[in-house]
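One-letter residues, chain by chain:
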Amino acid sequence: MFKKILVANRGEIAVRVIRACREMGIASVAVYSEADRSSLHVQMADEAVLIGPPPAVESYLAVDRIVEAVRATGAEAVHPGYGFLAENPAFARRLEEEGIVFIGPNSRALALVGDKVQARQTMSEAGIPVIPGMKSVAASIDQCAREALRIGYPVMIKASAGGGGKGMRIVGSEEELRPALEAGMREAKSAFGDDSIYLEKYIEEPRHVEFQVLADNQGNIVHLFERECSIQRRHQKIVEETPSTALTPELRKAMGEAAKKALQVAGYNNAGTVEFLLDRNRNFYFLEVNARLQVEHPITELVCGIDLVHEQIRIAAGEALGIKQKDLNQRGQAIECRIYAEDPAAGFLPSSGKIVFLKEPQGPGVRVDSGIYSGYEVPIYYDPILAKLIVWAPTRRLAIARMRAALEDYVIMGIQTTIPFLRDVVSHPSFLSGETTTNFIPRHFENWQENRAGDEALQLALALAAFYELNRPPGAPPPTIRARDLSSPWKTLGAWRIGGKA
Ligand code: MV4
């Protein structure tokens, strides 16, 4: 087993990986930018190396500086977390060449699944259902027009280098095709430096259901069932849960087998996720492979009783999987809400500044994967995710009740967060009934505004408490506001604008 691992990331995911290292008796090395000197991951790691200025290209994306930090600290392996260099084949290859273990898939498999057209081709040849569409990248507008007629409108334009919805366009008819192709290619070029595009049949109101897979270096492979991730806003996931309300045991089995097959034919190892779209008739189609530990991995951990980061590290160290498919099952329901530093009442504008007061929820079945603390200053440079609130309960009804209670208890003052919005999302009748498609947020939460408590005395009391907290002398006790004193204090506290941004 490794003695020392370098974590090439920041925020909650770096903290998550550092915790796993500590549990496994492995020393951890954090890397950080000048904007992250006082970040939680730096405080929690055994060692920390400053790798550059705030912009990610000069720090968290700077391969040479990360390799230098590995050399300087004597780490044997690198965990990339998600984002940054996690799915960069050149980074994985560089580490392979340097004799450093990349805790993730091999660079060949990474390159294969990162090319959407090549991945589609590979999966289709392996008998995995893919969305009807073109077999290779578009060569001309005329070819696209012919292919679109064959596929049948509406069609969707996608970037081959794509992902994340960039360069995507829905085309309803032949008249719209040319301008949409031109716009899609322009967007793909500027986002990925590659204007290759292709066409697929447009699936209306799909669900996004993904399967977690673990594959070791000896050829053993298991899936850890699905995550339902349909509740998204502009391709950013908001709420994820498992099991999905859409799957039957038969469908789950077929999709799980397809997910394993997909990674097998790609020559993949370590943890990976296979994304599928599910149409109204519950046909499933391969969408893409996420070649990393995902943000929403904890819900799988809670229902399967497996620590995915421990498994990733063991696989990377060359150990054979100790888990057999027949021993895996889904127990209860898990739900995750992503807590972002964004103002949901102002079009999800990023919100940065000092967290002047923090109270994280706790209780049975409540897990908070967090990268923040009271007094922490949220920098403007990076992804706005602050923390993830994950709950587990024996049933979906109880899990929702637990999530609602935990969101009520969650207080972050000083910056705006998505917490008030999430409270409304998990309370929505369509969420309760499991009617979660990718149209959920646009349909039910267009132009969301918080329904603030009208009680002015309550608002004043909370403002005073927050003011006191901001100016509290050293040694003085923190403000206490008791739930029984006020109707819904935490809800209002969480929403109250404090700290210069009001
Ligand atoms: C689609 C689709 C409908 N039809 N492809 C969005 C992100 C990218 N990875 C794939 N995406 C989609 N591809 C076809 N042929 C609808 C989406 C889509 C979507 C997919 C998953 C989760 C949320 C989504 C939100 C809007 C559109």
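Above this note sits the structure.
Notes on the structure follow.

How each quantity is defined
All chains use their own residue numbering, which begins from 1 and follows the written sequence. Reporting of local features is limited, given that this is a predicted model, to residues whose pLDDT is at least 70; pairs of side-chain atoms are given and counted only at 80 or more, and all residues count toward the totals for whole chains, interfaces and linings. Water and hydrogen atoms play no part in the side-chain values, which are based on all heavy atoms of the structure. Helix and strand assignments follow DSSP, with helices taken as H or I runs no shorter than four residues and strands as E runs no shorter than two, numbered in order from the N terminus. Radius of gyration means the value over C-alpha atoms here, while the globule rule gives 2.2 Å times the residue count to the 0.38 power. Only protein chains enter the area calculation, which uses a 1.4 Å probe; residues under 20% of their type maximum are buried, those over 50% are exposed, and those in between are partly exposed. Here a residue-residue contact requires only that any non-hydrogen atoms of the pair lie within 4.5 Å. To estimate the expected span of a helix, count its residues, drop one, and scale the result by 1.5 Å. What we call the bend at a residue is the angle made by axes fitted to the seven residues finishing there and the seven residues starting there. A side-chain nitrogen of Lys or Arg and a carboxyl oxygen of Asp or Glu constitute a salt bridge if their distance falls within 4 Å. Proximity is defined per residue: any heavy atom of the residue falling within 4 Å of a molecule or strand makes that residue near it. Whenever two N or O atoms come within 3.5 Å, that pair is a polar contact, provided that in protein one can donate a hydrogen and the other can accept it, and provided that, for residues adjacent in sequence, both atoms are side-chain atoms. The Shrake-Rupley method, run with a 1.4 Å probe, gives the accessible areas here. Residue values count only the displayed protein chains as cover. Only Asp, Glu, Lys and Arg are considered charged, only Ala, Val, Leu, Ile, Met, Phe, Trp, Tyr, Cys and Pro nonpolar, and every remaining residue, Gly among them, polar. Note that domain bounds follow an automatic or database assignment of domains. A pair of strands is considered paired only if DSSP assigns at least 2 bridges between the two. Working convention: axes come from line fits to C-alpha atoms, limited for helices to the stretch in contact. Angles between N-to-C directions cover 0 to 180 degrees. By nonpolar core is meant a set of buried Ala, Val, Leu, Ile, Met, Phe, Trp, Tyr and Cys residues that side-chain atoms within 4.5 Å join together.

**A look at the overall build of the protein chain**
Logical step 1: Counting its regular elements, the protein chain contains 17 helices and 22 strands.
Logical step 2: Its C-alpha atoms give the protein chain a radius of gyration of 23 Å, within 12% of the compact-globule value 23 Å for 502 residues.
Logical step 3: Projected onto its principal axes, the C-alpha positions of the protein chain cover 70 × 55 × 45 Å.
Logical step 4: With 502 residues in all, the protein chain has 57% of them scored as buried.
Logical step 5: Restricting the contact set of the protein chain to residue pairs at least 6 apart, pairs at least 24 apart contribute 66%.

**What about helix α8 (residues 174-192)?**
Side chains three or four residues apart in an α-helix point the same way, a direct result of the helix having 3.6 residues per turn.
Logical step 1: Taking 1.5 Å of rise per residue, 19 residues should cover 27 Å, and α8 covers 26 Å from first to last C-alpha, within 8% of that figure.
Logical step 2: Along α8, the sharpest change in direction is near 30° and occurs at Ala180.
Logical step 3: For α8, the full list of buried residues reads Leu177, Ala180, Leu181, Ala183, Gly184 and Ala188.
Logical step 4: Those residues of α8 that are buried lie in contact with α7 (141-151), β6 (155-159), β7 (169-171) and β8 (197-201).
Logical step 5: Phi for Gly193, located one or two positions after α8, is positive at around 70°.

**Concerning the pattern of salt bridges**
Once their charged atoms are close, side chains differing in charge can pair, the charge on each being opposite to the other.
Logical step 1: Overall, the coordinates contain 31 salt bridges when judged by the stated rule.
Logical step 2: Residue Glu288 is joined to Lys116 by a salt bridge in which the shortest nitrogen-to-oxygen separation is 3.8 Å. Of this pair, Glu288 sits in strand β13 (residues 284-290) while Lys116 is found in helix α6 (residues 116-125), placing the two residues 172 residues apart along the sequence.
Logical step 3: The buried category is assigned to Glu288, whose relative accessible area is 16%.
Logical step 4: With relative accessibility at 10%, the residue Lys116 sits in the buried group.
Logical step 5: Measuring nitrogen to oxygen at the nearest pair gives 2.6 Å for the salt bridge that ties Glu147 to Arg150. Of this pair, Glu147 and Arg150 are both found in helix α7, three residues apart, which corresponds to roughly one turn of the helix.
Logical step 6: One connected set of salt bridges, linked through shared partners, spans Glu210, Arg227, Lys237, Glu240, Glu296, Glu336 and Arg338.

**A look at the site of the ligand**
Logical step 1: What surrounds the ligand is a group of 16 residues, the closest being Lys158, Glu200, Lys201, Ile203 and Glu288.
Logical step 2: A distance of 2.8 Å is found between a nitrogen atom of the ligand and a side-chain nitrogen or oxygen belonging to Lys158.
Logical step 3: Ile203 is positioned with one of its backbone polar atoms (N or O) 2.9 Å from a nitrogen atom of the ligand.
Logical step 4: With the chains in place, 89% of the 520 Å² that the ligand exposes on its own is no longer accessible.
Logical step 5: Residue assignment for the shell around the ligand shows that the elements contributing at least two residues are β6, β8 and β13.
Logical step 6: Split into classes, the residues belonging to the shell around the ligand amount to seven nonpolar, five polar and four charged.
Logical step 7: The two domains that each donate at least three residues to the shell around the ligand are domain 2 (141-201) and domain 3 (207-444).

**Brief notes about the sheet that holds β8**
Logical step 1: Taking strand neighbours across the sheet as the criterion, the three strands line up as β7-β6-β8 in an open arrangement whose pairing is antiparallel. Sheet topology places β7 and β8 at the edges, where each strand pairs with a single neighbour. Neighbouring strand axes in the sheet, compared pairwise and without regard to direction, differ in orientation by 30° on average.
Logical step 2: As paired strands, β6 and β7 are joined by three bridges and run antiparallel to one another. Its bridge partner lying in β7, Met156 is registered against Ile170.
Logical step 3: Across the sheet, α7 touches β6 and β8, and the angle it forms with β8 is around 15°.

**Here we look at the sheet that holds strand β12 (residues 270-278)**
Either a parallel or an antiparallel arrangement is found when strands of a sheet pair, and the pairing is made through backbone hydrogen bonds.
Logical step 1: Ordered in space as β13-β12-β9-β10-β11-β14-β21-β19, the eight strands form an open sheet in which the pairing is antiparallel. In this open sheet, the two strands that pair with only one neighbour each are β13 and β19 (366-370). Looking at each pair of strands side by side, their axes are set apart by 25° on average, direction ignored.
Logical step 2: Sheet topology places strand β9 (residues 207-215) next to β12; nine bridges connect them, and they run antiparallel. In the strand pairing of β12, Arg207 is matched with Leu278.

**Looking at the pairing of β9**
Logical step 1: Burial runs high along β9: nine of the nine residues are buried.
Logical step 2: Where β9 and strand β10 (residues 221-233) come together, six bridges link them in antiparallel fashion. Bridged to Ala215 within β10 is Ile221.
Logical step 3: Counted along the chain from β9 to the antiparallel partner β10, the turn is five residues long, and its residue Gly219 has a positive phi close to 95°.

**Let's talk about the nonpolar core**
Logical step 1: Counting residues in hydrophobic clusters, the biggest one holds 54 residues, and the most contacted among them are Leu6, Met255, Phe276 and Phe286.
Logical step 2: Broken down by element, the residue count for this core peaks at six residues, all from helix α9 (residues 249-265).
Logical step 3: Formed jointly, this core draws a minimum of three residues from each of two domains, domain 1 (4-103) and domain 3 (207-444).
Logical step 4: In contact with Phe276, other than residues within four places in its own chain, are Arg207, His208, Val209, Glu210, Phe211, Met255, Ala258, Ala259, Phe284, Tyr285, Phe286 and Leu287.
Logical step 5: Listed in part, the 43 residues of the second largest apolar core include Leu224, Ala271, Leu308 and Trp392.

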